[in-house]
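Listed below, chain by chain, are the residues.
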Amino acid sequence: MKARLGTAAAPLAGLMVVLAGCSAGGDTEDRSRFEALEQEALDVVDGVLHDIAGETDMAFEAGTRATSICGESYAPRGVKLRVFARFAAPAEMATDDAMAATGEALTGDGWELDPQPRERIVLATREDLEIRFDFAGVVQVHITAGCIETSDGVAREIGDRPTKDLDWADG
């Protein structure tokens, strides 16, 4: 009887090792996919967002970047990414002109504008990112990614990150 248990346990142990290896590899891929998307959002800040701020003469006031768990806290599906920036209203440019300049800069950078115009809002998407400019007194910009599916462990790790101030260097 002992011989049978020993031979049955060996394949089961091997399967557990294989499954554990797949899980760890999946976590690395999930983390890498999220970090690449986060870097892409920060590149938008350093690129087209800086260009738009310079072209429309909007002064940066504050910004943050944050992550949160999507799904239920006891069973997360993944992580959401949010980058937020607030600017003083364009000093010399009318809101309609600033919105038009924003739309042109975004399309020139490969963003697809929402075909349904909204009052005081410019909304665009590019692959997994969405950018929204709200022109209402101050200008608020939201760069977001929907739920990026990850393992539970990666969702909890990334979702628990503290909110950070957005780095903004004039120039």
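The structure we're discussing is the one just above.
Here the structure is a predicted model, which is why all the values come from computation and not from measurement.

A.B. asks: Requested: an account of the pairing of strand β4 (residues 121-126), with residues and values cited.
C.D. replies: Along any regular strand, the residues point their side chains to alternate faces of the sheet. Here β4 lies mainly inside the structure; 5 of its 6 residues are buried. Of the strand pairs in this sheet, strand β3 (residues 112-113) and β4 are connected by 2 bridges, and their pairing is antiparallel. When the bridges of β4 are listed, Leu-113 appears paired with Ala-124. Of the strand pairs in this sheet, β4 and strand β5 (residues 129-136) are connected by 6 bridges, and their pairing is antiparallel. Directly across from Val-122, in β5, lies its bridge partner Phe-133. Joining the antiparallel neighbours β4 and β5 is a turn of 2 residues, in which Glu-127 adopts a positive phi near 50 degrees.

A.B. asks: Can you break down the packing of aromatic side chains residue by residue, with the values?
C.D. replies: All chains considered together, the criterion is met by 4 aromatic pairs. With 4.7 Å between their ring centres and 5 degrees between their planes, Phe-60 and Trp-168 make a pair best called stacked. Separated by 108 residues along the polypeptide, Phe-60 in strand β1 (residues 60-72) and Trp-168 in the segment after β7 (164-165) bring together distant segments of the chain. Here Trp-168 falls in the buried class, since its relative accessible area comes to 17%. Plain terms: the ring middles of Phe-133 and Phe-135 are 6.1 Å apart, the flat faces sit at 15 degrees to each other, and that makes the pair stacked. With respect to class, Phe-133 is no different from Phe-135; both count as buried. One aromatic cluster in this structure is built from Phe-60, Phe-87 and Trp-168.

A.B. asks: So, a negative patch on the surface: which residues are in play, and what are the values?
C.D. replies: A surface patch of negative charge is lined by Asp-43, Asp-46, Asp-165 and Asp-167. Mapped onto the elements of the fold, Asp-46 is located in helix α1 (residues 2-56). Using a relative accessible area of 52% as the deciding quantity, one classes Asp-46 as exposed.

A.B. asks: Talk me through the nonpolar core; I want residue IDs and the actual numbers.
C.D. replies: Phe-87, Leu-106, Ile-131, Phe-133, Val-141 and Ile-143 are the most contacted members of the largest nonpolar core, which has 37 residues in total. For this core, the elements supplying multiple residues, two or more each, are α1, β2 (75-87), α2 (95-108), β4, β5, β6 (138-149) and α3 (152-159). Residues in contact with Phe-87, not counting those within four places in the same chain, are Leu-49, Ala-53, Met-58, Ala-59, Phe-60, Glu-61, Val-138, Val-139, Val-141 and Trp-168.

A.B. asks: Tell me about the pattern of salt bridges, and please be specific about residues and values.
C.D. replies: All told, the structure shown has 9 salt bridges when counted by the stated rule. Asp-30 serves as the salt-bridge partner of Arg-33, at 3.1 Å between the closest nitrogen and oxygen. Remark: Asp-30 and Arg-33 occur in helix α1; sequence separation between them is 3 residues, near one turn of the helix. Between Arg-118 and Asp-114 there is a salt bridge, and its shortest N-O distance comes to 2.3 Å. A residue is classified by how much of its surface remains accessible, and Arg-118, at 35% relative accessible area, is partly exposed. What you see here is one network of salt bridges that share partners, running through Glu-35, Glu-38, Arg-65 and Arg-161.

Rules used throughout
- Note that residues are indexed from 1 along each chain, following the sequence as it is written.
- It should be noted that, the model being predicted, local features are given only for residues of pLDDT at least 70 and side-chain atom pairs only at 80 or more, the latter also being counted only at that level, while totals for whole chains, interfaces and linings use all residues.
- The side-chain numbers reported here are obtained from all heavy atoms of the structure, hydrogens and water having been left aside.
- In this scheme, a residue with accessible area under 20% of its type's maximum is buried, one over 50% is exposed, and one in between is partly exposed, where area comes from a 1.4 Å probe on protein chains only.
- Helix and strand assignments come from DSSP, with helices taken as H or I runs of at least 4 residues and strands as E runs of at least 2, each series counted from the N terminus.
- Strand pairing is defined by DSSP finding a minimum of two bridges between the two strands.
- Think of it this way: a Phe, Tyr or Trp ring, Trp meaning its six-membered ring, pairs with another when their centres are within 6.5 Å, and the plane angle makes it stacked under 30 degrees, edge-to-face over 60, tilted otherwise.
- Like-charged residues within 9 Å of one another, or nonpolar side chains (Val, Leu, Ile, Met, Phe, Trp, Tyr) within 5 Å, are grouped into patches, provided each residue has over 30% relative accessible area and no salt bridge.
- The Shrake-Rupley method, run with a 1.4 Å probe, gives the accessible areas here. Residue values count only the displayed protein chains as cover.
- Here, a salt bridge means any side-chain nitrogen of Lys or Arg that lies within 4 Å of a carboxyl oxygen of Asp or Glu.
- When charges are counted, neither His nor the chain ends are considered; positive counts come from Lys and Arg and negative counts from Asp and Glu.
- Charged groups are reduced to one reference atom each: NZ for lysine, CZ for arginine, CG for aspartic acid, CD for glutamic acid.
- Nonpolar core, defined: a set of buried Ala, Val, Leu, Ile, Met, Phe, Trp, Tyr and Cys residues in which side-chain atoms within 4.5 Å join the residues together.
- By definition in these notes, contact holds between two residues if any of their heavy atoms fall within 4.5 Å.

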